[in-house]
Structure formats: structure tokens, C-alpha cells
Amino acid sequence: MLRFQNIQGAWKETGQCKAPWGVTEWTSWFNIDHPGGNGDYERLEAIRFYYRERVCARPMAMEARTTDWVAAADTGEVVHSSLEKGFWCINREQPQGRVCSNYHVRFQCPPGSSDVQSYWTDWNEWGPCSTTVCNDVGIQVRQRKCVNTQPMPLLLVPACQGHHSERRECSNPPCTAKCQLVCTEGRPSEDCSRCTCDDHVLSGEVHSVTGVPVAAALVSLASQPKVIRARTDAKGQFRLLGICSSSSTLIAIRKEKFSPITVSTTSNTTGLSWVWAVLKSHPEDKMRYEGGRVMFCCKATGSPTPDKYYWFHNGTLLDRKVYKYEEDLVLWGLKPEQSGQYYCKTSSSAGSIKSSPALLTVIGKTACNSTPETHLIRLPMDCVQPGTDSMHYNAGRCPHNKCAGSLDFDMRCSDETSFCCGVQNMESRIIDCGSYSLPIRAVTQCSCQKCLQPTVLVRGRVVTADNDEPLRFGHIYIGKERVGTTGYQGGFTLHITPDTQRLVVNFVDPTEKCIDTPKVFILDKKGGSIYHDVKVMRKQAAIDINAGETNSINLGEIKGEDPIGHLVIPPNSFHKDNGEIYEGTVKASVTFIDPRNITTAAAAPGDLNFVDDEGDMLPLRTYGMFSVDFRDETNKEVLGAGAVQVFLDTQHVKMQEHIPKMKLWSLNPDTGVWEEESNFSYTTTTGGHGRSKREDRTFLIGNMEIRERRLFNLDVPENRRCYVKVRAYMSDKFLHSEQLEGVVISLINLEPKPGFSSNPRAWGRFDSVITGSNGACLPAFCDAQMPDAYTAYVTAMIGGEELEAAPSSPKMNPNIIGVSQPYLDKINYQRSDHDDPALKKTAFRINLAKPNQNNLDETNGPIYPYQSLIGCENAPIDANHFRFFRVEKDKYEYNVVPFEENDLTTWTGDYLSWWPNPQEFRACFIKVKIHGQKEVMVRSRNMGGTHRETKGKLYGIRDIRSTRDMREANTSAACLEFKCSGMLFDQAEVDRSIITVLPQGNCRRTGTNSLLQEYLIKHPPVAQNNESHGFTMLAPVDPLGHNYGIYTVTDQNPRVAKEIAIGRCFDGTSDGFSREMKSDSGVALTFSCPERKINRESLFQRLQTNPGQTLSQMARNMRESEGLQGLSTQMVAYPSEQRSRTQSRRVSSTTRRRVSMRTQQRQ
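Along each chain, the written sequence defines residue order, and numbers are assigned to residues from 1. Restriction of local features to residues with pLDDT of at least 70 applies here, the model being predicted, together with a cutoff of 80 or more for giving and counting side-chain atom pairs; totals for whole chains, interfaces and linings are based on all residues. Note that water and hydrogens are dropped before the side-chain values are worked out from all heavy atoms of the structure.

Labelled according to an unreviewed UniProt entry, the protein chain appears under the name Cartilage intermediate layer protein 2, originating from Sander lucioperca.

Focus: the overall build of the protein chain
For the protein chain, the helix and strand inventory stands at 11 helices and 77 strands. Burial classes follow relative accessibility: with a 1.4 Å probe on protein chains only, a residue under 20% of its type's maximum area counts as buried, one over 50% as exposed, and anything between as partly exposed. The buried share among the 1163 residues of the protein chain stands at 47%. Whether two residues are in contact is decided by their heavy atoms, any of which lying within 4.5 Å being enough. For the protein chain, contacts bridging at least 24 residues in sequence account for 68% of all contacts bridging at least 6. Reported accessibility uses the Shrake-Rupley method at a 1.4 Å probe radius. Residues are deemed covered only where the shown protein chains occlude them. Here the protein chain displays about 57,400 Å² of accessible surface, and carbon together with sulfur accounts for 50% of that area. Only DSSP runs of H or I covering at least 4 residues are called helices, and only runs of E covering at least 2 are called strands; the numbering of each starts at the N terminus.

Here we look at the nonpolar core
If you look at the biggest cluster of nonpolar residues, it comprises 44 residues, and the most contacted ones within it are I431, L438, Y894, W915 and F925. When residues of this core are traced back to their parent elements, those giving at least two are β33 (419-432), β34 (437-450), β65 (891-895), β66 (921-931), β68 (954-961), β70 (971-978), β76 (1046-1051) and α8 (1054-1067). Leaving out residues up to four positions away in the same chain, Y894 has contacts with I377, R378, L379, I431, L438, P439, I440, L954, Y955, G956, I957 and R958. To qualify as a nonpolar core, a set must consist of buried Ala, Val, Leu, Ile, Met, Phe, Trp, Tyr and Cys residues joined through side-chain atoms within 4.5 Å. If you look at the next biggest cluster of nonpolar residues, it comprises 35 residues, including L740, I817, Y823 and F884.

Focus on the sheet that holds strand β40 (residues 517-521)
In sheet architecture, strand pairing relies on hydrogen bonds along the backbone and comes in two forms, parallel and antiparallel. A pair of strands is considered paired only if DSSP assigns at least 2 bridges between the two. Taken in spatial order, the 4 strands make up an open sheet running β37-β36-β39-β40, and their pairing is antiparallel. Unpaired on one side and paired on the other, β37 (481-485) and β40 mark the two borders of the sheet. Here the strands of the sheet are splayed against their neighbours by 30 degrees on average, with no regard to which way each runs. Bridging between strand β39 (residues 503-508) and β40 involves 5 bridges; their strand directions are antiparallel. Following the sheet pairing, F507 is matched in β40 by T517. Lines are fitted to the C-alpha atoms to define the axes, a helix being fitted only along its stretch in contact, and any angle between axes, read from their N-to-C directions, falls within 0 to 180 degrees.

Overview of the packing of aromatic side chains
Note on aromatic contacts: the rings of Phe and Tyr and the six-membered ring of Trp form a pair at centre separations within 6.5 Å, being stacked when their planes are under 30 degrees apart, edge-to-face when over 60 apart, and tilted otherwise. Here the structure, examined in full by the defined rule, presents 22 aromatic pairs. Ring centres 4.9 Å apart and planes at 55 degrees place the aromatic pair F87 and Y103 in the tilted group. Placement of the pair is F87 in strand β5 (residues 86-90) and Y103 in strand β6 (residues 103-109), with a sequence separation of 16 residues. Of the two residues examined, F87 and Y103, each falls in the buried class. Three or more aromatic residues link up through ring pairs in this structure, and these residues are Y829, F844, F882 and F884. Any Lys NZ or Arg CZ that is within 6 Å of a ring centre and within 35 degrees of that ring's normal is treated as a charge sitting over the ring. Between the NZ or CZ atom of R43 and the centre of the ring of W88, over which it lies, the distance is 5.0 Å. In this structure, R472 is placed above the aromatic ring of Y488, and the distance from its NZ or CZ to the ring centre is 4.1 Å.

Concerning helix α7 (residues 1010-1018)
Restricting attention to buried positions, one finds in α7 the residues L1012, Y1015 and L1016. The buried side chains of α7 occupy one side of the element, clustering within an arc of 95 degrees when seen end-on. Seen from the buried face of α7, the exposed residues on the opposite side, beyond 90 degrees, are S1010, I1017 and K1018. On the buried face of α7, the contacting elements are β75 (1031-1034) and β76. Between the side-chain oxygen at the start of α7 and the backbone nitrogen of L1011 there is a gap of 2.9 Å, and the oxygen is on N1009. Our arc is simply the arc of the directions from the helix axis toward the C-beta atoms. Between N or O atoms, a polar contact is any pair within 3.5 Å; within protein, one atom must be a potential hydrogen donor and the other a potential acceptor, and residues adjacent in sequence are included only when both atoms are from side chains.

A closer look at the state of the cysteines
Pairs of cysteine sulfur atoms within 2.5 Å are what we label disulfides. In this structure the tally under the stated criterion is 13 disulfides. Disulfide partner of C297: C413, at an S-S distance of 1.9 Å. Here C297 and C413 share a disulfide; its torsion about the S-S bond, -80 degrees, makes the bridge left-handed. Taken as a pair, C297 in strand β22 (residues 294-297) and C413 in the loop between β32 (402-403) and β33 lie far apart in primary sequence, 116 residues in all. In this structure C413 comes out as partly exposed when scored by relative accessible area, which is 37%. Covalently, C777 is tied to C872 through a disulfide, its sulfur atoms 2.1 Å apart. In this structure the cystine formed by C777 and C872 twists about its S-S bond by roughly -110 degrees; its chirality is therefore left-handed.

Regarding the pattern of salt bridges
What makes a salt bridge here is a side-chain nitrogen of Lys or Arg within 4 Å of a carboxyl oxygen of Asp or Glu, nothing more. Tallied over the entire structure, the rule returns 33 salt bridges. Notably, a salt bridge pairs E676 with K663, separated by 3.4 Å at the nearest N-O pair. Pair noted here: E676 is in strand β51 (residues 673-686) and K663 is in strand β50 (residues 663-668), with a separation of 13 residues, a long-range link. Among the residues examined, E676 registers a relative accessible area of 25% and is labelled partly exposed. Because the salt bridges share partners, they merge into one network encompassing K891, E893, R958, E977 and K1058.

Points about the side chain of R883
Assignment of secondary structure puts R883 in strand β64 (residues 882-885). For the buried residue R883, which engages in no salt bridge, the nearest side chain bearing the opposite charge is D878, 9.5 Å off. A polar contact is formed between the side chain of R883 and the backbone oxygen of N815, at a distance of 2.7 Å. Leave out the neighbours within four places in its chain, and R883 touches R727, Y729, F734, E804, A805, A806, N815, I816, I817 and G818. The charged-residue count follows a simple rule in which Lys and Arg add positive charge and Asp and Glu add negative charge, with His and chain termini not counted at all.

Describing the confidence of the model for the protein chain
Per-residue pLDDT for the protein chain has a mean of 78; in total, 83% of the residues score no lower than 70. Element-level pLDDT for the protein chain is lowest in helix α1 (residues 8-15), with a mean of 33, against a maximum mean of 94 in strand β77 (residues 1085-1088). The predictor's confidence in any single residue is recorded as pLDDT, a number from 0 to 100. Across residues 1-22, where pLDDT falls below 50, the model places 40 contacts with residues more than four positions away in sequence or in other chains.

Let's talk about the sheet that holds β68
Strands sit in the order β65-β68-β67-β73-β75 across an open sheet of 5 strands; the sheet is antiparallel. Strands at the two margins of the open sheet, each flanked by one partner only, are β65 and β75. Within the sheet, the average angular offset between the axes of one strand and its neighbour, ignoring direction, is 10 degrees. As defined by bridge partners, strand β73 (residues 994-999) adjoins β75 across 4 bridges and the pair is classed as antiparallel.

If you want it as C-alpha cells, here you go:
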């Protein structure tokens, strides 16, 4: 039996065996066995049985790797190999109870080896050395035989090339000599490496950097690190026998999740620190021409420092000897087949972590198609093109993809400049709307240009989970660095570098009323900002406990239900930072995030993921989280605690298969990743904690120490995973061209009750994803056996606004929901108002039934197997998916220069661009109050006013329907966007845009804000406002405020700027935010829009009330109509101006009566 690393020479010799045929070739990889049972057996005989024609009769060499592409020599496992038998690994031979890895093998064969009829057998073992004298040199011999594969006469069989025997020198070990080591104390050890004292005991203690005793640490001699000499006890103490007191012996101490340390026996320190590893730089997407070169970079820091890097291409490990990489990977002479995903994996003695993948695209000379693709612009409701009846116009656009431009230097980790397909030329066109025309700037040519680099922002508001009270002046940390403070209303804005892959932000309440909450934020790499509504939990009120007694604290306080579990803290377990035992009264606060309360899901810290031994980030399913805060009663100093026990009541674990996999985790606040603390074991107690009085109860017990980390989790890794496809739309028409990007879709996995029936109050996981150009795919737990084993609660939000889900009542319509039958019934889709119309319509709930790949109805979404992420992301628009849409249905925006606000890279520099600066977006709104029984559409027509390039030209149109004020009868108001005045894209001259506000209907202006009117007079030129049915002004240059009825917000993302301005406009303040219209605050214009009254009775009504008179009147009208026809023939020969006034009045009156009569008859 040999360890694989000790037979490198044998493998090297076999791999370099010279073949008589010169050039050789490798077979494909074979994997016919798995490491279950006794081990992994890749026998050559079995491989030949399954793959007869793919392995030559006489392989020249063999290579073995794990399925993770780690060479067998690097695994440290005990393996065996033979070119005649194959490769095998036996589980019981592995050290420390390990199990063999899953290996696959390949063989090296000569070309055309199937025609070879003679070959050499394996070499025999080396014979004995020709000399037996110690320290002497002799000769060894080994032999092999030439055999043939076919029964042919010996003379006709080709002879084997080469020699049938080999010789080599051999030597015997030197003659035995006595150990020369002189020991002042004790005696030399058997290997003469050190002095040993049989009657001496070395005692020591192991503490963490904070002074906390470290239990179960492994102690060994530095010269023999694999031989465990002792383990530390609960107090961190250990004893070593045979270590002399007068010698300076190096002692090695290690423990999982701690950084190993080597100390001398004369040293008085044996401190250990936490192990941590963070990837500081990830490889970035690159695009190159064929034949070029590229460099990917990956850098990790940690304790201990990562010492090995591995690079993968499309999941396959790259050969280090071929590519000669470390943390940087350089590829030369690029070919199209080298396109794909590249990522790095770094490892140390503490474990492994993987980077995010980077996409390499290798292209030919055609970098960007000059012909624009089709892009349909929706026209105003009153614009119908004659002859087509189409309400859309093809304005063209350049594809949203990167291209390979001309770099000044192409061997940087991050390209200084990225190139994208952009607009080269545009032309002005006129759209015929029938009664009027619209100008538009259409794209005619695309080219490869420098990409617009948008600023990445993270915005949001931090509030408490129970009553939405803002976290005022809270501290914001990224890592150890404080980067900001929340505002009075809890708002915050963070500027993030574009290369950020994973953003972990920690919110800390300086008043200590709320728990510290680390959040992992998702980012929109297309630019701009994403709005996050952050929830934090209030701390549980502190109780006084005696540090010298055993204390028990419940986890979970749901009225009428038992706690999830409880903490048991033994006496004298509390300690200060310096390790000193604390003996006084402890102020103890334990805050439990209970999954039985669905309102706490948004307050979950981190993102419920962990990193496995292979460096993959995998999901967890929680049974509860808790934050601990122990303090000295007198000076409020934070205390730690050792040997704390966590009891989890198994009655709350509804899935029995989760019980043996349950673990205790702690949150790393720097990475936002949960790390394992301990496993659980079974115990049965008599008498219950909490409200249950049953005699026997089964608990899971876990052990932990409370040190630097204060957030803990009761979780299990869950491998039953799927993806859910969701799209968001501008309206309930669900048009493909009106998909919304940048919408935050959140999915909460709900916990089942016994029997797998869903419990809408309990949750197990919380995930969020941002929609792109093809929707979003959300990770979720699912089950293939029971459709309702897992359920999900899904919501959507953009800029603080909740979107509405597709309705499920009064009858489910597959065409509206977006999922076909019969899969829809299996999923059991229900919007949140399905049973109660009074509830919100902003969420839906589904069963997470894993699709059956043998059922055609379930292979087209909206739920995809976990392995089909690419299929989910690339699913066509007609594939099954769930839908959300914006509640503001009657809203329309038209830009002469098309621009997609959810993708800042579509911005075009043009004088008529609505947004003149792609790095700063200024949104302007005016508040219009409507007196009337119904809501009305209000339009702003925005023209160039003072700039020589835009004067008299249209920028765009905005339509919005007024919103009813629920507190005031017959009153509504509209927050109407208009084109802000200011510098245009050339930053050379200001344009005072001319704004015309036009309510659509029977409206007249009854009031104008006096402050706004005064401002416009003092800042000429002043627009004429002679017409009472509208209002015209030159837009203010200054950012006014709610006192003027004008709301202006500047931001680096247009969507965020508009949402903030709308929120202030609804609220009628300059710093508030509301989604309920307050029509009595902050108004600029007031219109009266009464309904038109119908005073004349219809023909049917007059026939019922006075039939005789009505019939007589009808007869007179008919006679007058006949006379009018004769009269009209006489009028042809005369100019109209010669008609008499009397005749004109008679004709007009008669004509009106005739038209009225015909109208009544049609009724």
C-alpha cells in the first residue's frame, strides 16, 4: 500500500515511457464507479467491457484525476494503479476516516494501436541486489516478455521493439552507527531527532486572540505534525508526556476554523486567531479579437494566506504546467473555442473559495453589426398612423453587447476602457399621427465605441421590521470601514465601484435599540441604482441573569406556541475580552428571528448561503436565527460566553430528513456568509421548557462559544433546488417590448406543516434577484415527489414602488398569469387577494413542484431544475413565466430621442435628448389639482425654448392620469413630469424649455400657485397664458420646492430620481415620501373639470312622455329636410358670401335638427 504522493516517480516513469510508435494519443475520460461502498474502482477490465473499441490493447500510460480535476497526486489519498489492472482507491485505507474521492481515468495509446499484434508485458519487480554488504554498490535486474494479441505463427508476428531486460545500480544502507545526539536531560529518541524525558510532563493552555479558551485543539510536535500528541480540554489546557524541560521543542497547534500556530516550549503564548479568506479581486469579462491575448486576475487574502490557485475554463481545470499560472492567467493566440467562462479557485489549510465567473468572448473582424436592430416605440394613444392603424414605430437601436475595440494595452487585470455597440448616426423623421405629427430621431448606423460607464449606486431606507420606524443616523459599514450614515428618515446612498461582485453592508444602530444587521445587496451592473427597503429587528428587552448560575433563555415567543428552542448557559461561563471570568449580574438580550412569523423574513441578516469545502456557495434553509448581547451590568462592557448549549425542539422540524443534517452556524459580518459552528446531537428531556407540559421531548443539542460573532443560525443545507422565472411589465397588457429591467424580485420559501401542506406563516429562506432584459430567475427550494412540499411567496419592487401580480380570481386565466395548463393547477397559483379582495395585490404564492422532465407540459417553465439555470435565463418570451406589472396603467412617456431608463448604456448624445447628461439625471415634476367627479389624463408637451439648436422643437410628451385623493370628495391630483431647464449635452448653453400643461377633458384653470407665478414673472421671458384650458411656462432653472408645486430631484440614476420626486409630490413636501395622494399640499395648478351635462331628452324618452307631439315634430323635420335638399341645389350657383343671414340661420337650424333626428333614430 502506497500513498499516492510517494509514487510520483513511478507515475512519471510510466507517463514518459517511450513508445516505439513515436507520437501517442490520449483516450477520453472514463468513470465507471463511485466511491460509495468499499471505494472507487476504475478497473481496466471493466472499462474494456463497457467501451470495447475505445481503449487500446496495451496502454502506454494512465492519468487519474478527481471529477473536480484535482490530480490524484495532490489529493493525499492512498491509491493504487497498474497499466494491466487500472486504478483503484479503498475507503478503509484512507487516513482519519476519509472517503475516497470520485476519480476518472484516461489512457495513453499509440496511433493505430488496434493493428498492433505484439506488445511488451509489464516489467517484473526488480531482482535482489547483487551485493549484501552494507554500504556497498551492486546491480539489480528486471525483465519483461513480448506477447501477441492474435493466434498467428510465431514467424509472422511482428517482433517487439526494445530490450527484454533492464539493469540498474543498487546500494545497501550504511552500516549502523550509534546516535551521536547528546542530551543534557533524558535520552535520545528512537530516530535520534530529539531528546525525550519519560518522566516529564509539559502543560499548556490555548486561547483565542480575545482570551477565550479554545477546546478540542490538536497538539503535535512541529517535526511530526501528523502525529496527534494531545487535545485541549474545555478550559483550553493540554498535557504532553516526554518533553524535556531544558530543551526548546517546537509545538504545532491547530483547530478547524482557526489559523494554525507553531510555538516553542519556552514561549508563554499559544494564541489562535480566526481563519478567514476573502477574494479581493475577481476576474472580469473580456472581449478580444482572434489571435490576441488576454489576462485574468484573481487575488485572495486571508488567514492563513491562500497559497494555491486553480483556474477553470467552462468547469474544466486548466493544466498548470501548460498555462503556467498562479493568481494570474494569461492566454496567448486566442481562438474562438477559448471563449467561455473562466473562474479561479483558491485554497489554504482552512478551505477553499471560488471567484465569480468571467466571460471571455473571442470574435473575428466583425465586432459590431452596423445595421440597427428593430426597436418599436409606443406612440401616444391619440396617434394612429394612417394606413397602418399601428400605434408603434420602429426607431431602431444598437444591440446591447460589448465589442473588441482598440486598447492601448491589453494585459491589465481590468481593461481601462470597454467598448460597446453604440449609435454612429441618427436621422430626423416625422411620424404622421393623422390629426398631428410627431418628430423622432431614429438610429441608422451602429459602430464599436467606448462604453458609457454608469455609476453604480445602492440606495434605500432602513426601518424597523415591526412598525417601519426609520433607523435615524445609523452607522453604515463595509467591512471594518464606516462608509456613511442613514438620514433622519432612514435613507442612505452608497457609491460602489463597478467591479464589485458581492456587496456586504452592515447597519449598526448607535442607540443599540436594534440588532446589527449585515445585508448582502444585489447590484445592477447596467448602471444606476437599485432601491433596497432594509428591515432591522428591534433588540429583545434585556433581562438580569446571575453569571454564577445555570441560565436558560427561550428562542421564539409566538403567542400560543412553544419556543423553537432555548439556550443553556452553564455557571461561570461569562468572560471579559481579556479572558477574565465575569462573576456579576449580566444584562442579557437574545433576539430571535422566528421563521414562524413571515414579517421577519425581510430582516434576515446575510443571504443564507455558506461555502462548502470545494469553494462553492450553496444555500441554507433556516429554522431560526438569533442575536445575542451580553453586557456587564455596571459599565456595559460586552461579555463573551463559553460552552453555551443550544437546544432545538424537533417538533418544529417538519421535514424529518432535515434533523440529522441540522447544524449551528455563525455569520461572518465581513463576507455575509454563514460558517459552521457545530453539529447537533440527540437528547430527550423530561418536562418541557415553555408552554408545553409533555413529559418526554426530543431535542437537538449544539455547542457554541460566543466570541466576536453575535449572530447565529439553526440551518440545514438543502439540495432540492430549482429556479423560478419571473418577468415584470409596464402594464397589464404584458407586451414583450414593455418589459421592465431593474425590478427587485423577492422570493420567500415557506415552511410546510406535517404532511407537506403549506403553512403561510412560516418561512425558510429569502432571496432577491434583479430583472434583466429577459426577466429574472430566482433560486428556490422545490420537491419532485410532493408538489406542495415547498411553497413560495413572491413580490416585486422598483424604486420603492410595489408592482402588482397577475390576478388569480375570480377565475384563473393562463394567458394572463403566463403559465399554461395543466402545470398551472399543479403549481396552485394564488395572488395575495385571492380569498380576500381587501388585501394587497402585490404578491403571489405558488407550490414549488419540481418539473418532471418526462412530462412535456413541465419542460417549458416557469420552474426549472437547478442544473438548467442557463435554460431559465435564456428562455424565450413565449415560455411559461410569472408576471408583475406597474399599477400606474394610465401613464405614457414619449422621447424624440429614444432612451431606455433601465439601461443607461442606451443614452445618446443629442440636443433633443430628454436627459442631457448620462452621469447626472435631473427629474422635474409639477403637481396639478383636479376638481371633478372623475380622474382625468393630464399631458405635458415639452418644447425647446431659448437654445438655438432646440428652439421650437419637441423634446417629448408625458401623460399621466390623476390619482384620487381618498380624503377629499370629487378631488384628484396628478404628478406630471416635465423637461427640466438647464445645460444641454454639449454643456455650452442653457435651454429654458417651454412646458404646456393640458388636462384632457372639459377643464378650465381656476388657480395658479402665487409663488410660482411670481417666480416666472421675475425670471423672463414669460410665456403667454391666454387660454384657460391649459397652462404654459418656461421651466424654472432653479430647483424650487413644494411651496411652488415644483419637485426637482437630481440623481445618478433616472429611475431613482423620478421615484423620489414622485414620492415627494404625492406627499406635498420637499423631503417626504408617500404613495397616497395629498391634493391639499404643494399644488402648482388647479383645474375644474366638471362632467358635461346632457340636457336634451332622447327620442325614446320623448316618445314615452309625449308621443303625439314627438311624432308631429318628426313629420315637420322630414318635410323641412326635403325642402332643404331642394334649396341646396339652388345654392350651388351662388357664392356663399351672397347668402342672406336669414337663410343661413334657417339652413343651419334645419341642418342641426336633421342631424339630431338621425342621431335619435340610430339610438
